[in-house]
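# Report on the structure
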Amino acid sequence: MRSLRTRLAVVLATIVALGLLANAAWLVLSARQRLRERLETSASLFASLAVGPVCSAYDAYFESGYFKFRQVVRDMLALAPDVTRVEIVDVEGRVLFDSGHIDDGSLPRAAGGQLDPARLEAVRRLEPTTIRGRDAEGDTLEIVNPWVEDWGRHRLSVVYHVSYAKLNAEYRRYARVTLALTAVSILVAALLGLALARRLTR
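Residues numbered from 1 in each chain as written. Predicted model: local features only at pLDDT ≥ 70, side-chain atom pairs only at ≥ 80, totals over all residues. Heavy atoms only, no water.

To continue, consider the overall build of the chain. The helix and strand tally for the chain stands at four helices and five strands. For the chain, the succession of helices and strands along the chain, N to C, is α-α-β-β-α-β-β-β-α. The 202 residues of the chain split such that 39% are buried. For the chain, long-range pairs separated by at least 24 residues make up 61% of all intrachain contacts whose partners lie at least 6 apart in sequence. Accessible surface, the chain as shown: approximately 12000 Å² in total, 60% of it carbon and sulfur. (Helix = DSSP H or I, 4+ residues; strand = E, 2+ residues; numbered from the N terminus. Buried < 20%, exposed > 50% of the residue type's maximum accessible area, 1.4 Å probe, protein only. Contact = heavy atoms within 4.5 Å. Areas by Shrake-Rupley, 256 points an atom, 1.4 Å probe, with all protein chains shown as cover.)

Let us now look at the packing of aromatic side chains. Summed over the entire model, instances satisfying the criterion amount to six aromatic pairs. Centre to centre, the rings of Phe 62 and Phe 69 are 5.6 Å apart; their planes meet at 80 degrees, and the pair counts as edge-to-face. The same class applies to Phe 62 as to Phe 69, namely buried. Each member of the aromatic cluster is reached from another via a ring pair, and the members are Tyr 58, Phe 62, Phe 69 and Phe 97. (Phe/Tyr/Trp six-rings, centres within 6.5 Å; stacked < 30°, edge-to-face > 60°.)

Right, let's talk about the pairing of strand β4 (residues 138-148) for a bit. Taking burial as the measure, the 11 residues of β4 include eight buried ones, the bulk of the element. In this sheet, β4 lies alongside strand β3 (residues 129-135) in antiparallel orientation, the contact comprising seven bridges. Counted as the bridge partner of Ile 131 is Glu 142 from β4. Counting the residues in the hairpin turn of β3 and β4 gives two residues. With eight bridges connecting them, β4 and strand β5 (residues 154-162) associate as antiparallel partners. In the strand pairing of β5, Ile 143 is matched with Tyr 160. Connecting the antiparallel pair β4 and β5 is a turn made up of five residues, with Gly 152 showing a positive phi of about 90 degrees. (Pairing = 2+ DSSP bridges.)

A separate point is the nonpolar core. With 32 residues, the main nonpolar core has Phe 69, Phe 97 and Tyr 160 as its most contacted residues. Those elements that place two or more of their residues in this core are α1 (2-61), α2 (66-78), β1 (83-90), β2 (95-98), β4 and β5. In terms of residue count, the dominant contributor to this core is α1 (10 residues). Filtering out sequence-adjacent residues up to four positions away, Phe 69 remains in contact with Val 54, Ala 57, Tyr 58, Tyr 61, Phe 62, Ile 88 and Phe 97. In terms of nonpolar packing, the next biggest core, distinct from the first, is built from eight residues, Val 89, Ala 122, Ile 131 and Val 144 among them. (Core = buried A, V, L, I, M, F, W, Y, C linked by side-chain atoms within 4.5 Å.)

Spelled out as structure tokens, the structure:
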């Protein structure tokens, strides 16, 4: 009788545990997808709204008042923590400004460079372009937004570099909480399975 009770308890607990694990896996994977979509949507919206002010400030202040321009860029980046860096480039692919060198103490024009062909093609378009990739730290996302001036001229574009670091940290916290709750649920299911098996065998 004890052997039958044990087998029933193991079977019931296994069935419930498998169900709970499958549910936890689905929750974790769907949460990751939702977090990525939310980050990418907010970054794309920020890129569209910020391209005008950033390029206008570049035209107005870069040469004559760099400290003012630098403050404008810092204020804009503070509004989007996931955007870690911006570059202002012209349609020839020259990097005119890179916020990664914003504190070098001199105009960062000399620290610029030339874009690779894929990014050059994106810079020349008149619509936003999303470039996905991978590096040593994981997935990367770049959003290239053109600045089309009031009279239709397209001289500049802004490249926004988006980081998944905060998303990954939030995802790991969510996964840990979900797995902890699943482990507790499995333990409770095992105890309930043992109690149910004891009643059935009686």
